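Per-entry structural report
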Amino acid sequence: MCSWTAFSQHSDAALQRHPYPQGAHVLDVGCGFGDSTLRIAQRVGPAGSATGVDCAENFIRAAQQDAQDNDVQNANFQIRDVEWDDLGGPYDHAFARFGTMFFAMPGAAMRNICRALKPGGTFTQIVWRKREDNPWLHEAELRVKAIVPVVSHEDTDQVHCGPGPFSMAGADMVSDMLGGAGFSNITLERHDCDICIGRDLDDAIAFAMALGPAGEIIRLAGEQGTACTDEVVAALRETFASYARDDGVWAPSSTWFIRATAH
């Protein structure tokens, strides 16, 4: 389904603008299911390597299987807490596609990434820009908040997504954080494109309820959230209807490509 691969449009654009050379050793932070790690591994060639790290064991196991199935021998995956664990290295470069917005202590994570890089190594991260420039996420969140009781992170012991997808949207805040973590030459490039969030409206709704902030609201609300499922589905169908096209549900998205150099 196109919704699960939509984010690759942003990572492909970032890797085209700032390609890694053959033979480079690259750390992929918050690699998820590893599709960006495998792309990087192909780009750096057999003399290079791509190491994907994520705290979610099920993501890492799936990524390992995908690498094995596709015979990508220069990609490896490790279960790591990027805030505190040894990330290995030193690496020539680090990369993160939507893998840095959910840290409870992002400053600690940035310092740890910097320590894993060689002096002069680069860190490229892709993060969402402000809510208003990503209406498919923001509008869905607002519609669900109007229906489902919102449970704050402080009032639950359930696993949650931390600060949320827009926590790195502020250019000044991110620049200051990276500077304090040991990076310099910090630049932010805006990248906008339409992404396919579903093959059809049902697919787009399932995607939003599984991964987006709307889905987290429902999950943290427990039985109350489940009881509102029909109403939520109807609201999201109405919200996403304007994005439906013959070839799927396509919504505007806006990101920062943030680049920095390790001291």
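Here goes a summary of the coordinates provided. Think of each chain on its own: its residues are numbered from 1, step by step along the sequence as written. Per-residue local features of the predicted model are confined to residues with pLDDT of at least 70, and side-chain atom pairs are confined, for both listing and counting, to 80 or more; whole-chain, interface and lining totals are unaffected and use all residues. Side-chain figures throughout are based on the complete set of non-hydrogen atoms in the structure, without hydrogens or water.

A look at the overall build of the chain
Our working rule: Runs of E in the DSSP output that reach at least two residues are strands. Runs of H or I that reach at least four are helices, and both are numbered from the N terminus. To get the radius of gyration, use the C-alpha atoms; to get the globule rule, take the number of residues to the power 0.38 and multiply by 2.2 Å. For this count, His and the chain ends are skipped, Lys and Arg are scored as positive, and Asp and Glu as negative. In plain terms, the charge of a residue is placed at NZ if it is Lys, CZ if Arg, CG if Asp and CD if Glu.
Secondary structure assignment for the chain yields 11 helices and eight strands. Over its C-alpha atoms the chain spans a radius of gyration of 19 Å, differing by no more than 12% from the 18 Å that the globule rule assigns to 263 residues. For the C-alpha atoms alone, the extent of the chain along its principal axes is close to 50 × 40 × 30 Å. For the chain, the centre of its 20 positive side-chain charges and the centre of its 35 negative side-chain charges are spaced 6 Å apart.

Notes on the environment of Phe103
The condition that has to hold: When a residue's accessible area, from a 1.4 Å probe over protein chains only, is under 20% of the maximum for its type it is buried; when over 50% it is exposed; and in between it is partly exposed.
With respect to the secondary-structure elements, Phe103 resides in the loop between β4 (91-97) and α5 (106-115). A relative accessible area of 12% places Phe103 in the buried class. For the pair Phe103 and Glu83, spaced 20 residues apart in the sequence, the C-alpha separation amounts to 7.4 Å.

Some thoughts on the pattern of salt bridges
Spelled out, the test is: Criterion for a salt bridge: a side-chain nitrogen of Lys or Arg within 4 Å of a carboxyl oxygen of Asp or Glu.
Counted under the stated rule, the structure contains 15 salt bridges. Among the salt bridges present, the one from Arg97 reaches Asp35, with a minimum N-O distance of 2.8 Å. Linking Arg97 in strand β4 with Asp35 in helix α3 (residues 35-44), this pair joins segments that are 62 residues apart in sequence. Its relative accessible area of 13% is what places Arg97 among the buried residues. Look at Asp35 and you get partly exposed, because its relative accessible area is 27%. Arg245 is the salt-bridge partner of Asp194, the closest N and O atoms lying 4.0 Å from each other. Here Arg245 lies in strand β7 (residues 244-245) and Asp194 lies in strand β6 (residues 183-198), a separation of 51 residues in the sequence. Several salt bridges converge on common partners, so that one network encompasses Asp12, Asp35, Arg39 and Arg97.

A few points about α3
Put simply, the rule reads: For this analysis, residues touch if any pair of their heavy atoms sits within 4.5 Å.
All of the buried residues in α3 are Ser36, Thr37, Leu38, Ile40, Ala41 and Val44. At its buried positions, α3 is contacted by α2 (8-17), β1 (25-29), β2 (49-54), α4 (57-69), β3 (75-79) and β4. Backbone geometry just after α3 places Gly45 at a positive phi near 75°.

A few points about helix α6 (residues 135-145)
Three or more residues of α6 are buried, namely Pro135, Trp136, Leu137, His138, Ala140, Glu141 and Val144. On its buried face, α6 is in contact with β5 (117-128), β6, α8 (201-211), α9 (213-220), α11 (229-240) and β8 (248-262).

Here we look at the packing of aromatic side chains
Operational definition: Geometry of aromatic contacts follows a simple scheme: Phe, Tyr and Trp rings, the Trp one being its six-membered ring, pair when their centres are within 6.5 Å, and the pair is stacked under 30 degrees between planes, edge-to-face over 60, tilted otherwise. Ring-over charges, as used throughout, are those where CZ of Arg or NZ of Lys falls within 6 Å of the ring centre and within 35 degrees of the ring normal.
Summed over the entire model, instances satisfying the criterion amount to eight aromatic pairs. Aromatic side chains Phe123 and Phe183 sit 5.7 Å apart centroid to centroid with 35° between the ring planes, which places their arrangement in the tilted category. With Phe123 in strand β5 and Phe183 in strand β6, this residue pair connects regions lying 60 residues apart in the sequence. On the basis of relative accessibility, which here comes to 2%, the residue Phe183 falls in the buried class. Measuring from ring centre to ring centre gives 6.0 Å for Trp128 and Trp136, while their planes differ by 75°; the resulting arrangement is edge-to-face. Accessibility expressed as a relative area gives 4% for Trp136, which makes it buried. Taken together, the aromatic side chains of Phe7, Phe98, Trp128, Trp136 and Phe207 make up a single cluster linked through ring pairs. When the ring centre of Trp256 is taken as reference, the NZ or CZ atom of Arg129 above it lies at 4.5 Å.

A short note on the pairing of β8
Quick note on the threshold: Pairs of strands are assigned from DSSP output, requiring at least two bridges between the strands.
β8 sits mainly inside the fold: 13 of its 15 residues count as buried. Two strands pair when backbone bridges link them, and β5 and β8 are joined in this way by seven bridges, in the antiparallel orientation. Each bridged residue has a counterpart across the sheet, and for Thr122 the counterpart in β8 is Thr261. One ladder, built from 13 bridges, connects β6 with β8; its direction is antiparallel. The partner of Cys193 across the bridge, within β8, is Ser253. Bridge count between β7 and β8: two bridges; the pairing is antiparallel. Across the sheet, Arg245 pairs through a bridge with Gly248, a residue of β8.

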